[in-house]
Amino acid sequence: MVGITSYGAYIPRYRINRGIVYKAMGWLNPATYMPGEKAVANCDEDSITMAVAAGMDCLNGVDREKIDALYFATTTSPYKERQVAEIMATAFSLRSDIRTADFTTSVKAGTTAFLSAIDAVKAGSAKNVVVSASDCRVGKPGSAQEELFGDAAASLAVGDSGVIASFEGSHSVSYDFVDHWRGEGHVFDRQWEDRFIRDVGYKNFILEAISGLAKKCKLDVKDIAKVAYPCLYAADHKGIGKKLGLDPAKIQDPMIDKIGYTGTSNPFLLLVAALEDAKPGDNIVVASFGNGSDAILLKVTDEIEKVRGNIRGVKKHLATRRELNNYNKAISFRDTIPLEKGIRGEIIAATAISELWRSRRQIFGLCGSKCKSCGTPQFPAQRICVNPDCLAVDQMEDYLFSNRKGTLFTYTADNLAYSVNPPAIYGFVNFEGGGRFWFDMTDADLESVKVDMQVEMTFRRKYVDEQKGIHGYFWKMVPVIE
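What comes next concerns the included structure. Note that this is a predicted model, so its numbers are computed, not measured.

Some points on the pattern of salt bridges
This model, assessed by the stated rule, comprises 28 salt bridges. Its salt-bridge partner being Glu45, residue Arg460 comes within 3.3 Å of it at the nearest N-O pair. Separated by 415 residues along the polypeptide, Arg460 in strand β21 (residues 454-465) and Glu45 in the loop between β3 (37-40) and α2 (47-59) bring together distant segments of the chain. In terms of burial, Arg460 and Glu45 fall into one category: buried.

Focus on the packing of α2 against helix α3 (residues 84-91)
At a minimum axis distance of 10 Å, the contact between α2 and α3 shows a crossing angle of 45°. By the angle class used here, α2 and α3 are oblique. α2 and α3 meet at a crossing whose hand is right-handed. Between α2 and α3, the contacting residues are Ile48, Ala51 and Val52 on the first element and Val84, Ile87, Met88 and Ala91 on the second.

Quick look at the sheet that holds strand β16 (residues 377-378)
Reading across from one edge, β16-β15-β17 is the order of the three strands in this open sheet, with antiparallel pairing throughout. With one partner strand each, in any of the chains shown, β16 and β17 (396-400) form the two edges of the open sheet. Two elements, strand β15 (residues 367-371) and β17, share five bridges in a ladder whose sense is antiparallel. Looking at β17, one finds that Cys371 is bridged to Met396.

Observations regarding the nonpolar core
If you look at the biggest cluster of nonpolar residues, it comprises 51 residues, and the most contacted ones within it are Ile4, Tyr71, Phe114 and Leu275. Ignoring anything within four residues of it in the chain, the contact list for Tyr71 reads Arg99, Ala101, Phe103, Ala113, Ser116, Ala117, Ala120, Val129, Val130, Val131 and Ser132. Membership of the second largest hydrophobic core comes to 43 residues, among which are Leu94, Leu356, Val449 and Met457.

Brief notes about helix α1 (residues 18-25)
Among the residues of α1, those classed as buried are Arg18, Val21 and Met25. Viewed along the axis of α1, the buried residues span an arc of 60°, placing them on a single side of the element. Against the buried residues of α1 lie β2 (14-17), β3, α5 (144-148) and α11 (327-333). Where α1 begins, the capping side chain belongs to Asn17, and its oxygen is found 2.7 Å from the backbone nitrogen of Gly19.

Rules of the game
- Residues take numbers from 1 onward in each chain, read along the sequence in its written order.
- Thresholds applied to this predicted model are a pLDDT of at least 70 for local features of residues and 80 or more for the giving and counting of side-chain atom pairs; totals over whole chains, interfaces and linings are not thresholded and use all residues.
- Side-chain calculation: all heavy atoms of the structure are included, whereas hydrogens and water are not.
- One side-chain nitrogen of Lys or Arg within 4 Å of one carboxyl oxygen of Asp or Glu is enough to make a salt bridge.
- Secondary structure is summarised from DSSP: a helix means a run of H or I of at least four residues, a strand means a run of E of at least two, and numbering begins at the N terminus for each.
- Only protein chains enter the accessibility calculation, which uses a 1.4 Å probe. A residue is then buried if its area is under 20% of the maximum for its type, exposed if over 50%, and partly exposed in between.
- Only the contacting stretch of a helix is used when fitting its axis, a line to C-alpha atoms as for every element, and angles between N-to-C directions run 0 to 180 degrees.
- Oblique is the label for any angle not under 35 degrees, not over 145, and not in the 65 to 115 range, which are roughly parallel, roughly antiparallel and roughly perpendicular in turn.
- Take the far helix as your reference; a near helix turned counterclockwise from it by less than a right angle gives a left-handed crossing, and one turned clockwise gives a right-handed crossing.
- In this description, contact between two residues means that some pair of their heavy atoms is separated by no more than 4.5 Å.
- One bridge is not enough; two strands pair if DSSP finds at least two bridges between them.
- Here, nonpolar core refers to any group of buried Ala, Val, Leu, Ile, Met, Phe, Trp, Tyr and Cys residues whose side-chain atoms link them within 4.5 Å.
- Directions from the helix axis toward the C-beta atoms define the arc.
- Side-chain atoms alone can form a polar contact between residues adjacent in sequence; in general such a contact is a pair of N or O atoms within 3.5 Å, and within protein one must be able to donate a hydrogen while the other accepts it.

Shown next as structure tokens:
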């Protein structure tokens, strides 16, 4: 049996009410108004950091040594040439003898990557594959996309053992349908006429893909527990379900009013939300949209209860939210307007590429060492034990700090250091099980920061060297919110 063995999700903590966006820019185009709110990535988040967060959620309780392929899907990679899947593999501290690949240029890329993972496991070329989809899309100020787009990521683990939802079949349709596009050198997505997208795109492609899947799998609509599919337009989303003959209760909430349309990660997020409420024996259909559609049928197994307690998924991330009530701050997070950075903010030290290679497991994987003689964890990795009562030499083994919680030992709030989200907060973390190091803190209000508060690690962007086109990443601490 081949199928999904684990799942995970990540939704940024910031939410902005669309009324705030409309109040700031609705004067330009009053027809853009949309109800609800959307998820906004913090200033140190992008499609890579969110994919790592979703992957960490998915890999909780999974033996990482058994992962032998990692696929990443996005339309908003910070790099045109540099494989993101490999950055993620290093962040997860996966083996180096694995296959990695990036899938891109279509918001259908996530389901395409998933089907490729299924094919690899069925063919026997891989036993366990992790697929992550993530997008951080930027809408032009005053456009409908600015209100519509939300930021999020989701991950699925695919394998042939411990399957929680078996793969039963798929049906794909592919068309060069230009509903939206983003050319070389363009920051903002451009969209064609809404009526054309609705009537020619969504209403045809999703119906064609799901109907083709039902015919191929001999699936009757009454045997489906949940169907998850995207559509930008609420009335047409309901209309597609009606044409499929679906009971409204069987249609997965598209979460446009809660998160926004999250591009490549959208089908995965809807699938994760469906899995959170599923019971063994349920048939779940998930479909994507973008240059056609992929429709996939999964059957939930008894194994699903074994992973639920390990995963934050969609529900816990939806419950973990902070209001962002400043439009100017939101667009500053995406570098949409130039900001005065001051002398400190203008200086970015050159990235030492050779040292980045030598210390890649330390920087991307937050991998330190643990003394085999006295058991003391330490970061950075050492040859000589830091324990003055031990001082053993070359008695170290690798030790991951990235998946460990800790408590805040001491901290500083710095209003002089440049930050898009001031003040810059940093401090020392005492890790559970031992080890201490200093980190920047993110996703926190200064008023809520306290000594001894519980924190955990999150992979974030440290800087962007715009002149050299380098994005620097490391781990930061965030308050633990259960």
